[in-house]
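As a plain string of letters, each chain reads:
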Amino acid sequence: QVQLVESGGGLVQPGGSLRLSCAASGSIFSIYAMAWYRQAPGKQRELVAKITSGGSTNYVDSLKGRFTISRDNAKNTVYLQMSSLKPEDTAVYYCNADLITMLTFSPKNYWGQGTQVTVSS
């Protein structure tokens, strides 16, 4: 089985920073793209940023310059550095990965359980 476990969420004041981490574990053969999504109360889940195994990134336009996605392939971990946080960034942040397991050797998409980020004074 594969697990994606997020950490690093919490309460932060407007203008502050947080770094989210997501570690993938289990019978993993290879990880392709990893991504962060978020879902605010009453809204649909939306893509925040995505990174390929080669390090190519793409971001939702509204977050460029404030959020940075990175990954450590050796640790099967993806990070999201968030700065200049605003109250509207409040959401549950989910990790997502396209990977191949050693059980099936076929690609599949996985989600983490989510971590809450609250931006408030």
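Up top is the structure.
Parameters and conventions
- Residues numbered from 1 in each chain as written.
- Predicted model: local features only at pLDDT ≥ 70, side-chain atom pairs only at ≥ 80, totals over all residues.
- Heavy atoms only, no water.
- Patch = residues over 30% accessible without salt bridge, like charges linked within 9 Å, V, L, I, M, F, W, Y side chains within 5 Å.
- Areas by Shrake-Rupley, 256 points an atom, 1.4 Å probe, with all protein chains shown as cover.
- Salt bridge = Lys/Arg side-chain N within 4 Å of Asp/Glu carboxyl O.
- Helix = DSSP H or I, 4+ residues; strand = E, 2+ residues; numbered from the N terminus.
- Disulfide = S-S within 2.5 Å.
- Buried < 20%, exposed > 50% of the residue type's maximum accessible area, 1.4 Å probe, protein only.
- Pairing = 2+ DSSP bridges.
- Core = buried A, V, L, I, M, F, W, Y, C linked by side-chain atoms within 4.5 Å.
- Contact = heavy atoms within 4.5 Å.

(A) Structural context of a nonpolar patch on the surface. Residues Phe 29, Met 102 and Phe 105 make up a contiguous nonpolar surface patch of roughly 340 Å² in combined accessible area. In this structure, Phe 29 sits in strand S4 (residues 28-39).

(B) Expanded view of the state of the cysteines. Counted under the stated rule, the structure contains 1 disulfide. Paired through a disulfide, Cys 22 and Cys 95 show a sulfur-sulfur distance of 2.1 Å. The S-S bond linking Cys 22 to Cys 95 shows a torsion near -80°; that makes this disulfide left-handed. Note that Cys 22 is positioned in strand S3 (residues 18-26) and Cys 95 in strand S9 (residues 91-101), a separation of 73 residues in sequence. Judged by relative accessible area, Cys 22 falls into the buried class, the value being 0%. We classify Cys 95 as buried; its relative accessible area is 0%.

(C) The pairing of strand S5 (residues 46-51), seen in detail. Relative to S5, S4 runs antiparallel, the two sharing 5 bridges. Note that in S5 the partner of Arg 38 across the bridge is Glu 46. If you look at the hairpin formed by S4 and S5, you'll find 6 residues sitting between the two strands, and Gly 42 has a positive phi there, around 75°. Alignment of S5 against strand S6 (residues 57-59), held across 3 bridges, turns out to be antiparallel. Its bridge partner being in S6, Ile 51 is matched across the sheet by Thr 57. Here S5 hands over to S6 after 5 residues, with Gly 55 in that stretch at a positive phi of 100°.

(D) Structural view of the nonpolar core. Trp 36, Leu 80, Met 82 and Tyr 93 are the most contacted members of the largest nonpolar core, which has 31 residues in total. Mapped onto this core, the elements with two or more residues apiece are strand S1 (2-7), S3, S4, S5, strand S7 (67-72), strand S8 (77-82), S9 and strand S11 (115-119). Broken down by element, this core gets its largest block of residues, 5 residues, from S9. Excluding its chain neighbours within four sequence positions, the residues that come into contact with Leu 80 are Leu 18, Arg 19, Leu 20, Trp 36, Val 48, Ala 49, Phe 67, Thr 68, Ile 69 and Tyr 93.

(E) Molecular detail of the pattern of salt bridges. Throughout the structure, instances matching the rule amount to 4 salt bridges. Between Arg 66 and Asp 89 there is a salt bridge, and its shortest N-O distance comes to 2.8 Å. With Arg 66 in the loop between S6 and S7 and Asp 89 in the loop between S8 and S9, the pair connects residues that are 23 residues apart, well separated along the chain. Per residue, the accessibility class of Arg 66 equals that of Asp 89, and both read buried. Several salt bridges converge on common partners, so that one network encompasses Arg 38, Glu 46, Arg 66 and Asp 89.

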